[in-house]
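Structural features, examined
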Amino acid sequence: MGQQSDGPDAQHRRPPGVSDETIAALGKLSEALECVERARGHLYSLHQLIGHADLMLDDAVEQFHAAGHQQIAERIATELRGRNVIAGRWTFQIVEDFDDGYHAVFREVDQHARDELVGGRRHLYEAEMKERRRSRGRPGHEARPVSGG
């Protein structure tokens, strides 16, 4: 069976018998996962920013000591530097809990739905949207990369 010369590649074509409603539902699940992936990136940003701020406290403590403000330096050193950001947790622990819990389950549910309903294919909703919106035959509107050879 030959590949279509125009249109999505085989991995981005709807399998026979799959309804519009199923494609829409898979698209919405994929969109939700994309939001979770963005949130995960923000969580990693939090992790890095808090870690950097904690390391900067070393300089602040040193500078307060040098300026003769021993009590402030000691308060920063003992109450703030190295403090948990959430009860019992540094940000690396929050990231690990998120990755191993909610994020892992979300990805598994998404993969299971795609495996069961469309043979694991990804972004079918978007592939079909691309087909509806592109101008066939126009440069920059190709269905897929042109193979060179």
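Please read these numbers as outputs of a predicted model, since none were measured by experiment.

Scoring rules and cut-offs
Residues numbered from 1 in each chain as written. Predicted model: local features only at pLDDT ≥ 70, side-chain atom pairs only at ≥ 80, totals over all residues. Heavy atoms only, no water. Helix = DSSP H or I, 4+ residues; strand = E, 2+ residues; numbered from the N terminus. Rg over C-alpha atoms; globule rule 2.2 N^0.38 Å. Buried < 20%, exposed > 50% of the residue type's maximum accessible area, 1.4 Å probe, protein only. Contact = heavy atoms within 4.5 Å. Areas by Shrake-Rupley, 256 points an atom, 1.4 Å probe, with all protein chains shown as cover. Lys, Arg positive; Asp, Glu negative; His and termini not counted. Charge placed at Lys NZ, Arg CZ, Asp CG, Glu CD. Arc of directions from axis to C-beta. Patch = residues over 30% accessible without salt bridge, like charges linked within 9 Å, V, L, I, M, F, W, Y side chains within 5 Å. Salt bridge = Lys/Arg side-chain N within 4 Å of Asp/Glu carboxyl O. Core = buried A, V, L, I, M, F, W, Y, C linked by side-chain atoms within 4.5 Å.

Summing up its helical and strand segments, the protein chain has four helices and zero strands in all. Helices (α) and strands (β) of the protein chain occur, in sequence order from the N terminus, as α-α-α-α. In summary, the protein chain has a C-alpha radius of gyration of 25 Å against a globular reference of 15 Å for 149 residues, an excess of more than 25%. Principal-axis analysis of the C-alpha atoms places the extent of the protein chain at approximately 80 × 35 × 25 Å. Taking all 149 residues of the protein chain together, 22% fall into the buried category. Sequence separation of at least 24 residues holds for 68% of the intrachain contacts in the protein chain that already meet a minimum separation of 6. A total of about 10800 Å² of accessible surface is found on the protein chain, and carbon and sulfur atoms cover 54% of it. Looking at the protein chain, you have 20 positive and 25 negative side-chain charges, and the mean spots of the two groups are 9 Å apart.

Moving on: helix H4 (residues 124-133). The α-helix winds at 3.6 residues per turn, so residues separated by three or four positions along the chain end up facing the same way. Considered for burial, the residues of H4 that qualify are Leu124, Ala127 and Glu131. The arc that holds every buried residue of H4, seen down its axis, measures 60°, which confines them to one face. Turned more than 90 degrees from where H4 packs its buried face, Arg132 and Arg133 sit exposed. Buried residues along H4 sit against helix H1 (20-66) and helix H3 (91-118).

On the surface, a cluster of nonpolar side chains totalling about 300 Å² of accessible area is made up of Leu46, Ile50, Val85 and Ile86. Secondary-structure assignment places Ile86 in the loop between helix H2 (70-80) and H3. What makes Ile86 partly exposed here is its relative accessible area of 47%.

Mapping Asp110 onto the fold places it in helix H3. Contact partners of Asp110, with chain neighbours within four places excluded, come to Leu29, Ser30 and Leu33.

Take the nonpolar core next. Grouped together as the largest cluster of nonpolar side chains are seven residues: Leu33, Val36, Leu43, Ile94, Val95, Phe98 and Phe106. For this core, the secondary-structure elements that each account for two or more residues are H1 and H3. Counting residues per element, this core draws most heavily on H3, which supplies four residues. Apart from the residues within four sequence positions on either side, Phe98 is in contact with Val36, Arg40, Leu43, His103 and Ala104.

All right, on to unusual backbone geometry then. Despite not being glycine, His123 shows a phi value in the positive range, around 55°. Inspection of the secondary structure assignment puts His123 in the loop between H3 and H4.

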